[in-house]
Amino acid sequence: MTWLITGGAGYIGAHVARTMAEAGERAVVLDDLSAAVPERLEGMPGPQPVLVRGSVLDRELLDRTFAEHGITGVVHLAARKQVGESVEQPLRYYRENVHGLTVLLEAVVAAGVRRFVFSSSAAVYGTPDVDLVTEETPCVPMNPYGETKLTGEWLVRAAGRAAGLSTACLRYFNVAGAAEPRLADTGVFNIVPMFFDALTRGEAPLIFGDDYPTPDGTCVRDYIHVQDLAEAHLAAARRLPEAGSGGDLTVNIGTGRGLSVREMADLVAEVTGKREPAARVAPRRPGDPARVVASAQLAEKELGWAARHSVRGMITSAWEGWCLRHPGAR
Ligand SMILES: NC(=O)c1ccc[n+]([C@@H]2O[C@H](COP(=O)([O-])OP(=O)(O)OC[C@H]3O[C@@H](n4cnc5c(N)ncnc54)[C@H](O)[C@@H]3O)[C@@H](O)[C@H]2O)c1
């Protein structure tokens with residue numbers, strides 16, 4: 001197999017590329033470098049992935065890449081991913097995430113590629129009112145970003161069924177950590193980097209709301225180590241049925257365990273050694289659900305995969321990555 005990894009120079013994509021290279025899979029990365037750190041692809045264990053610079057919106061480039069590299073499977077991670085930005089620029093999100101996927105799927109079908117793994121998100125569920133979110137929980141996305149991911153799933157499954165393409169949609173929960181410091185997330189959009197950012201500036205990390213119906217009143221989430229997530233991609237890529245048989249799998253990629261924002265703040269203080277200033281409670285943010293924790297049973301059953309990293313390991317590795325890019329942080 002030769003895999004095309006779109007968005008493979010991004011945070012999660014580089015972990016996927018590294019994990020696939022380490023497992024001996026051949027990989028070509030396609031990335032327009034709009035939010036990438038291409039150096040992440042250097043020094044991979046196993047065969048070095050080729051980097052093709054360009055967009056999934058460029059059909060000609062896709063056709064050429066499929067032909068030149070003999071691509072037989074695709075892992076599609078390229079997307080815009082900021083919820084707030086998606087509310088301000090919905091047309092851009094639909095163009096990049098939905099139209100881009102359509103163009104890619106057309107090229108996939110034309111090239112006779114038979115396996116397709118799609119990066120979806122727990123954002124498809126919106127604000128689920130359940131203890132554990134299963135794949136049967138209704139999907140009611142709350143913002144354009146989540147809508148593009150749900151629409152993407154529909155596209156992937158429909159195109160897969162029509163063309164005999166085997167597909168997997170992986171719904172990631174809250175991703176954090178790094179396999180190596182240089183692969184770490186560079187954005188400040190998720191809770192862990194947001195806490196690091198505040199502490200580095202000598203400010204109190206903010207906890208949005210402490211009056212939710214949860215044990216300590218703060219929101220509860222399911223945090224998944226990016227290396228576990230990368231291994232779920234490898235498992236999905238290898239479990240997809242052989243050419244021509246079709247079949248689709250839609251599965252949560254989480255741990256099944258919840259951690260509250262307060263517990264996260266305590267752990268971050270412990271790992272970084274920065275106990276002051278202590279986390280401060282701010283008003284709730286609109287649209288934040290009290291609790292979003294995955295049921296991880298289907299992934300275990302279908303992929304033979306389960307998360308194995310601890311939250312502490314996740315924070316420690318994320319902090320090492322943060323300090324590499326922010327030398328004064330310690
Ligand atoms: N980070 C999370 O917590 C999280 C959670 C759920 C789902 N996801 C999904 O995982 C995927 C990867 O996320 P990430 O955190 O690594 O983000 P990222 O921004 O680090 O990576 C996305 C990569 O895609 C590239 N890209 C963007 N648009 C492109 C296009 N049109 N053509 C080619 N390349 C393009 C960017 O340059 C970047 O390298 C996304 O699809 C995202 O929606 C992420």
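Now for a quick tour of the structure. (Residues numbered from 1 in each chain as written. Predicted model: local features only at pLDDT ≥ 70, side-chain atom pairs only at ≥ 80, totals over all residues. Heavy atoms only, no water.)

### Comments concerning the layout of surface pockets
Basically, it comes down to this: A pocket here means an open set of points on a 1 Å grid, computed over the protein atoms alone, that has protein on both sides within 12 Å along at least five of seven lines. A cavity is instead a set of points where a 1.4 Å probe fits but cannot get out; residues with an atom within 4 Å of a point line either one. Grid points are joined across faces, edges and corners, and a volume is the space filled by probe spheres set on the points. A run of H or I in DSSP counts as a helix once it spans at least four residues, and a run of E counts as a strand once it spans at least two, with each numbered from the N terminus.
Roughly 160 Å³ of volume is contained in the second largest pocket. Along the wall of the second largest pocket there are 13 residues; nearest its centre are A265, D266, A269, A278 and A279. Counting only elements with at least two residues in the lining of the second largest pocket, the list comes to α6 (191-200) and α8 (261-272). It is α8 that provides the largest number of residues to the lining of the second largest pocket, a total of five residues.

### Description of the sheet that holds strand β9 (residues 220-221)
The pairing of strands in a sheet comes from backbone hydrogen bonds and takes either a parallel or an antiparallel form. What counts here: Strands are treated as partners if at least two bridges between them are detected by DSSP.
What the three strands build is an open sheet, ordered β12-β9-β14; its pairing is mixed. Edge positions in the sheet fall to β12 (259-260) and β14 (291-292), since each of these pairs with one other strand and no more. Of the pairings in the sheet, the one linking β9 to β14 comprises two bridges and is parallel in character. In the sheet register, R221 faces β14, and the bridge partner there is V292.

### Some words on helix α2 (residues 59-69)
Selection rule: Using a 1.4 Å probe on the protein chains alone, a residue whose accessible area is under 20% of its type maximum counts as buried, one over 50% counts as exposed, and one in between counts as partly exposed. Of all possible arcs, the one meant is that of the directions from the helix axis to the C-beta atoms. Every residue pair with non-hydrogen atoms within 4.5 Å of one another is taken to be in contact.
Along α2, the residues classified as buried are L61, L62, T65 and F66. Projected onto a plane normal to the axis of α2, the buried residues spread over an arc of 130 degrees and lie on a single side. Away from its buried face, by an angle of more than 90 degrees, α2 presents the exposed residues E60, A67 and E68. Each element contacted by the buried residues of α2 is listed here: β1 (2-6), β2 (26-31), β3 (50-53), β4 (73-76) and α4 (90-111). Phi for G70, located one or two positions after α2, is positive at around 60 degrees.

### As for the nonpolar core
Condition: Nine residue types can take part in a nonpolar core, namely buried Ala, Val, Leu, Ile, Met, Phe, Trp, Tyr and Cys, and a core is a set of them joined through side-chain atoms within 4.5 Å.
If you look at the biggest cluster of nonpolar residues, it comprises 36 residues, and the most contacted ones within it are I5, I12 and I253. Elements with a minimum of two residues in this core: β1, α1 (11-22), β2, β6 (166-172), α7 (226-239), β11 (248-253) and α9 (297-303). Considering every element that reaches this core, the biggest residue donor is α7, with eight residues. Setting aside anything within four residues of it in sequence, one finds I5 in contact with G13, V16, A17, M20, A27, V28, V29, L30, V75 and L77. Among the nonpolar cores identified, the runner-up in size contains 24 residues, and L4, V52, V74 and L101 belong to it.

### Side note on empty space enclosed by the protein
Quick reminder of the rule: All residues other than Ala, Val, Leu, Ile, Met, Phe, Trp, Tyr, Cys, Pro, Asp, Glu, Lys and Arg, Gly among them, are scored as polar; the first ten of these are nonpolar and the last four charged.
Under the counting rule described, the total for this entry stands at one cavity of 30 Å³ or more. By volume, the largest cavity amounts to about 100 Å³. Sorting the residues of the lining of the largest cavity by element identifies β7 (174-176), α6 and α10 (311-325) as the ones contributing at least two each. The element that contributes the greatest number of residues to the lining of the largest cavity is α6, accounting for three residues. Here the lining of the largest cavity is built from residues that sort into nine nonpolar, two polar and one charged.

### Here we look at the pattern of salt bridges
For clarity, the cut-off: Between Lys or Arg on one side and Asp or Glu on the other, a salt bridge is scored when a side-chain nitrogen of the former is within 4 Å of a carboxyl oxygen of the latter.
A complete count under the given rule lists 20 salt bridges for this structure. The salt bridge partner of R18 is E22, with a shortest N-O separation of 3.9 Å. Linking R18 with E22, this pair stays in helix α1, spanning four residues, or about one helical turn. Judged by its relative accessible area of 13%, R18 is buried. With a closest N to O distance of 3.0 Å, R291 and D131 form a salt bridge.

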